[in-house]
Amino acid sequence: MNVETITGTHLSALLPETVSGGCRLEDFWELSIEDRNNVLEQAIFKVHAWHYTRNSAYRHTLEARGVGGTITSSDLPLILRPTAQTFKSYIDILGTPFPQDCPADFINWLADQLSIRLPDERFASFRSRYASLEDLLSAVEDIYEDYGLEVITSSGTSGRSTIMLRDQDGIDKTVESFYLSFQRYLEMQAEHRAIFIMPRITRIAMVRMAAFSVGRIGIEKNRIHFTIPFPAYPDQVRIRTGRTYRPGTKGLIERRLLNPFMNWAYENLAAPRTLRSTVEILDQAESNKEKVLLFGGWIQLHNIALQLRKDKRSISLPPGSLIGTGGGMKELYPFTPSQIRGDLIDTFKLTNDQAIPIRDVYGMAEGNWAAMQCRKGNYHIPPWVYAVTLDDDNKFQEGADTTGLLAFYDPYGGGQLFPSFFKTADRVRLINGGISKQFSNLCPCGDAGSYILQESIQRVDLMDEAGCAAQV
Amino acid sequence: MQTPMDGFWLPSNIGEKILSTNTQYVTTSFCSGKACAPDAPGAITARWPVLQAGEWRRLVSLLQEGRQRSPVGKDYWARLESALGEVEKRFKDPADPLHYKAMGSIPGYTGFSKPMIQFTLNSLNLMTLDQIPSAYSWYPEHTASNAWQSMQGLPGRVLFTHAGPLGRFFNQFAGFRAGRKFDNLKAPDLVTGYGAGNVPGTALLITMLAQSTTMMGHTPPAVLVRNSRREPIFTPLVLSGLERIAPELVSGIAVLVWDYTNYDLQKTLLEESDLVIAAASDETITNLGTQISEINRTRSRSPIRFHKHGHKVSFSVISRAVTQRGQIDEASQQPLINVVSLLTALDSIFWDQYGCLSSRIHFIEEVKEAHYTALDYALKLTEQLHMLSVYLPRGDSPRRPLKDSFDRYKLLESSGRVKVTSGYEDDFLVVVDSRPYDALNFNSVVNACMGRVIFVRPVRDVMEFPDEYLRMLPPANLQSLSVAFGKDPNGLSDHFLSFSKACARRGVTAIRTIGRGAFPQLAYSWDGLLPLDLVNDRPRGYFTTFEFDNPYDEMIGTYRLFLSQADGLAVNES
């Protein structure tokens, strides 16, 4: 489907050129920081104007704030939408976190979120109910197959998933964003063997993008592994984590039967198989002296380390190998990331006796990018993303070293479906953010640009408890 | 760095004996309600002494000696009223050092606006201390289990709700003799209190309640209150003012700070106590309860009585009787809807809605014909909140949650069941919400209502409030209800009595008229506990009181009182 014919001029045609008559993402590394920020600001204005006329939800939110289609620098804080809310608003609007019960309303909500028109004559193709969220999301992709749309979600561990769409353009840009960062900060090459402790089939945004992007680096398909044997459908994640159940009898069955069964199955079937499969591939890589990227969540990686320790052994890999972590700690676990890191260093060695690098990846479903940890431990925000921190009143914080809620604008990598201008729920210490006038404090790794200081990322409670006033 | 304020208080003669030049102090600095470095611009620093184990024991002993110098009973209370009146005058006088100290520190430390703090300091008289003697002069009869009972010498009524399944049986049958409501009269010798710091004055409230037990005719107890780091300045200032006038009134009182996690110290202090009053988080209360239970297991004397004041929510209900178009308050000639909306606005905005007493949702009985609708009321409320933003402005608490809530509910306008009547840049949010609620949605809305976020909920009948809404909330979290009801020749209509009984049975423990939500009276129920409960045992359950004999007159009287208190507070005329 030719999006241009629907929306008029393709968004990318409007964006300022970066270097040599083009606007490729990697061009941003060639720009000075000042030039980069100027180009990005102009791009933000154009992307805002483009989406404002086309995206109903975006326009409605901004109109309520008194913002029109043409903006200046002082309006930038006002065009940010909260990640915690924007693509979860279907829950408030539908009155349920189970959109599979009201597909028509859900599709209407979804259509509002997009800057392209979803033909409403196809709405009748949807059933009146779907048995699962996965069935509904698959139906969206099928019915709009010619649009090349992909539905992605957040991890869903709260039971209330963020649901968003990407088109091919957005997917390509995200994959490119991830692979450029993998290459630059994690120094990944085509000769790596990539082991993802993840399911191959998942809608979780970060997982999909991490996995797709290593293909772009040139790693062959038979050297990319997904070691969780079962798919991670949204309802399965929701029931297993046990924080949100369906109402009524269905919910009773989920709580009393399915949750315990799924957790048993995970502990006794999936986790051991994952562990075995991962260790087998690692053993194979070790014996073939192959460089490895091992990527997973903290707890999954820790299980590997604990198993190796129990077996009184370690894995020895060539230099260039590394462990990648992502997703934060989504559940209570008796060990801290720092302790897990120590256990991994004990059980994974490099053949040159150096400690294996362990690099974290910070990202979110709403972002078409991820900030990867460099060898000095700082998280580098891609240079095509304009990042700032906000104070408690949602105003930009001035200065080259600021601590506040991270907000970002991604005009080049954001795609055509919605403007990628968001404020997160994470408090960070940001160096050389978009608004800074001086650009000292370069990262010791030598990379210029914005970065988040290591160990400064904190999830902020959305509502502070205040004395005797209850949160029921 | 500014000289630290005392975040503690000891009677002077005790301070001389306990504190020395070698005493170590802990300091904490706040600016605009947030912890900061002591040299940060605008930082206000409070300090309190670190006492050793022996010093704590000596302090308790000295407090017991000090209390013997206090007057007793009505004599004590009359002198306290008089002295507090003098202290209030000092707080009001800009030339007085007490005013200067308070206004120069409390707003900056807490983050509440200066007008809010000044209004509170000017309104100490809203706490009606002269009701306390009556609170100790009668006992509720057993019939208070079944129907509202008059309170001898006090306006209002009291109802008792038994706890537990057997209690529900007791509650239903009229005339059932539950036995004497109170027995085992024992005035405490030492009261230990824990005061939350989200709003100023909790430590003072606990102190005064503890002292009120002298109305039983005994020497006032020694009182040791743990101050909150979040607001440690106000209570010491009041006590220092009282000491200057009448030191014998405060000779057995100490306000200090110690760590909850210092279990050994806490055990030492609790073992000495007869009564513990904790206004704190549910988690702290649970931990204290565990410690108290352990002590009571092996205690040879009477067990420690533990009064818990944990996390609570409060609401407002407006009946159709006050929303008829054309109704006028005769004295002021203001449309009654203006009176109502000003008072309900005050119930929500005091302490920026961060207190348990702050009304979160305004339920309005909506009748289409000849009455203001919920939307009309919300628009009036919005006007009043705009006006109050000037006279009682919001403090420094973050605006982000307010703006995020604005975005969230503005998006819901597309459903046709939600309307936001305030603007993005307003320091408050008003939402009219007619969506169907289940327990999850309702809880979510209740939780969103802090920081001047007010929901207006239309109901067909006021009885929906207890029957459909309160039943969705944990009874232990319910607290105050502020009400607007119409005139009745009997003062209290049967309709009002049925409604308030239904609310009480759901867990509401205090009913006041609109405008008085933030000003509880000591003589009445505080989370189900009467002053008499400080000195008595009784069956498990809770009391509910309402503090008036005529809700309409009380409402109008409150309106006039606020106009007189709030100099220059202009009323919105339409």
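Residue numbers run consecutively from 1 along every chain, following the written order of its sequence. Chain A is the first chain written and ligand 1 is the first ligand written, with later ones labelled in order. This being a predicted model, a pLDDT of at least 70 is required before a residue's local features are given, and a value of 80 or more before pairs of side-chain atoms are given or counted; all residues contribute to the totals for chains, interfaces and linings. In computing side-chain properties, one takes all heavy atoms of the structure into account and sets aside hydrogens as well as water.

Novice: Quick question: what am I supposed to make of the pairing of strand 19 (residues 541-546) of chain B here?
Specialist: For a regular strand, side-chain orientation follows a simple rule: the groups alternate between the two sheet faces. Residue and element names in this part refer to chain B. Along strand 19, five of the six residues are buried, which leaves the element largely enclosed by surrounding structure. Paired strands, in this sense, are two strands between which DSSP finds at least two bridges. By definition, any uninterrupted DSSP run of H or I lasting at least four residues is a helix, any uninterrupted run of E lasting at least two residues is a strand, and each is numbered from the N terminus. One ladder, built from six bridges, connects strand 6 (residues 154-162) with strand 19; its direction is antiparallel. Residue pairing across strands places Thr161 opposite Tyr542, the latter belonging to strand 19. As paired strands, strand 18 (residues 510-513) and strand 19 are joined by two bridges and run parallel to one another. Its bridge partner being in strand 19, Ile511 is matched across the sheet by Phe546. Remark: exposure states derive from per-residue accessible area (1.4 Å probe, protein chains only) relative to the maximum for the residue type, with buried under 20%, exposed over 50%, and partly exposed in between.

Novice: What's the story with the interface of chain B and chain A in this structure? I'm lost.
Specialist: Accessible area lost on assembly of the parts is the figure often given for the size of an interface. By the convention used here, residues are in contact when the closest approach between their heavy atoms is within 4.5 Å. At the interface, 38 residues of chain B touch 30 residues of chain A. Each of two parts loses accessible area, computed with a 1.4 Å probe, when they are put together; buried area is these two losses added. Together chain B and chain A conceal approximately 3100 Å² of surface at their shared face, both sides included; 56% is due to carbon and sulfur atoms. Put simply, a salt bridge is a Lys or Arg side-chain nitrogen that is within 4 Å of an Asp or Glu carboxyl oxygen. There are five salt bridges connecting chain B and chain A. Note that Asp407 of chain B and Arg65 of chain A form a salt bridge whose closest N and O atoms lie 2.3 Å from each other. Polar contact is the term for a pair of N or O atoms within 3.5 Å; when the atoms are in protein, one must be able to donate a hydrogen and the other to accept it, and sequence-neighboring residues count only if both atoms are side-chain atoms. On the surface where chain B and chain A come into contact, there are 11 residue pairs in polar contact (both at pLDDT 80 or more). Those elements that place two or more of their residues in the side of chain B that touches chain A are helix 14 (400-411) and helix 15 (439-448) of chain B. For the side of chain B that touches chain A, the element with the most residues is helix 14 of chain B, which contributes eight residues. When the residues that make up the side of chain B that touches chain A are grouped by side-chain class, the tally is 14 nonpolar, 11 polar and 13 charged. Side-chain classes are defined by residue name, with Ala, Val, Leu, Ile, Met, Phe, Trp, Tyr, Cys and Pro counting as nonpolar, Asp, Glu, Lys and Arg as charged, and the others, Gly among them, as polar.

Novice: I'm lost on the packing of aromatic side chains in this one. Help?
Specialist: Residues and elements named next belong to chain B. Aromatic rings from Phe, Tyr and Trp, with only the six-membered ring used for Trp, were paired whenever their centres fell within 6.5 Å, and each pair was classed as stacked if the ring planes differed by under 30 degrees, edge-to-face if by over 60, and tilted otherwise. By the definition in use, this model includes 52 aromatic pairs over all chains. Measuring from ring centre to ring centre gives 6.5 Å for Phe315 and Phe442, while their planes differ by 20°; the resulting arrangement is stacked. Linking Phe315 in strand 12 (residues 313-318) with Phe442 in helix 15, this pair joins segments that are 127 residues apart in sequence. A relative accessible area of 1% places Phe442 in the buried class. Centroid distance Phe485 to Phe496: 5.0 Å. Interplanar angle 75°. Geometry classified as edge-to-face. Of the two residues, Phe485 is situated in the loop between strand 17 (478-484) and helix 17 (494-506) and Phe496 in helix 17; the sequence distance between them amounts to 11 residues. Each of the two residues, Phe485 as well as Phe496, counts as buried. The ring of Tyr25 carries the charged tip of Arg47 above its face, separated from the ring centre by 4.1 Å. Ring-over charges, as used throughout, are those where CZ of Arg or NZ of Lys falls within 6 Å of the ring centre and within 35 degrees of the ring normal.

Novice: Please clarify how the sheet that holds strand 18 of chain B should be interpreted in this entry.
Specialist: Within a sheet, neighbouring strands are paired by backbone hydrogen bonds and run either parallel or antiparallel to one another. Residues and elements named next belong to chain B. Judged by pairing direction, the sheet is mixed, and its 10 strands sit side by side in the order 5-6-19-18-17-12-13-16-15-14 without closing on themselves. What marks the edges here is a single partner per strand, and that holds for strand 5 (149-151) and strand 14 (418-420). Ignoring strand direction, the axes of neighbouring strands in this sheet form an average angle of 25°. The pairing of strand 12 with strand 13 (residues 359-365) spans four bridges and is parallel. By the bridge assignment for strand 13, Ile318 is matched with Ile364. To define axes, lines are fitted to C-alpha atoms, for helices over the stretch in contact only, and angles between the resulting N-to-C directions are given on a 0 to 180 degree scale. In the packing of helix 15 onto the sheet, contacts are made with strand 12, strand 13, strand 15 (429-433) and strand 16 (453-459), and the angle to strand 13 comes to roughly 120°. Where helix 17 meets the sheet, its contacts fall on strand 6, strand 12, strand 17, strand 18 and strand 19, and the angle it forms with strand 19 comes to roughly 150°.

Novice: Could you clarify how one ought to interpret helix 5 (residues 103-113) of chain A in this entry?
Specialist: Note on helix geometry: an α-helix contains 3.6 residues per turn, so any two residues three or four positions apart are oriented the same way. Residue and element names in this part refer to chain A. Every buried residue belonging to helix 5 is among Pro103, Phe106, Ile107, Trp109, Leu110 and Gln113, and all of these are buried. With its buried residues spanning 160° around the axis, helix 5 presents them on a single face. Of the surrounding elements, those touching the buried residues of helix 5 are helix 3 (56-64), strand 1 (81-82), helix 4 (89-94), helix 6 (133-143) and strand 3 (163-166). An arc is given here, and it is the one of the directions from the helix axis to the C-beta atoms.

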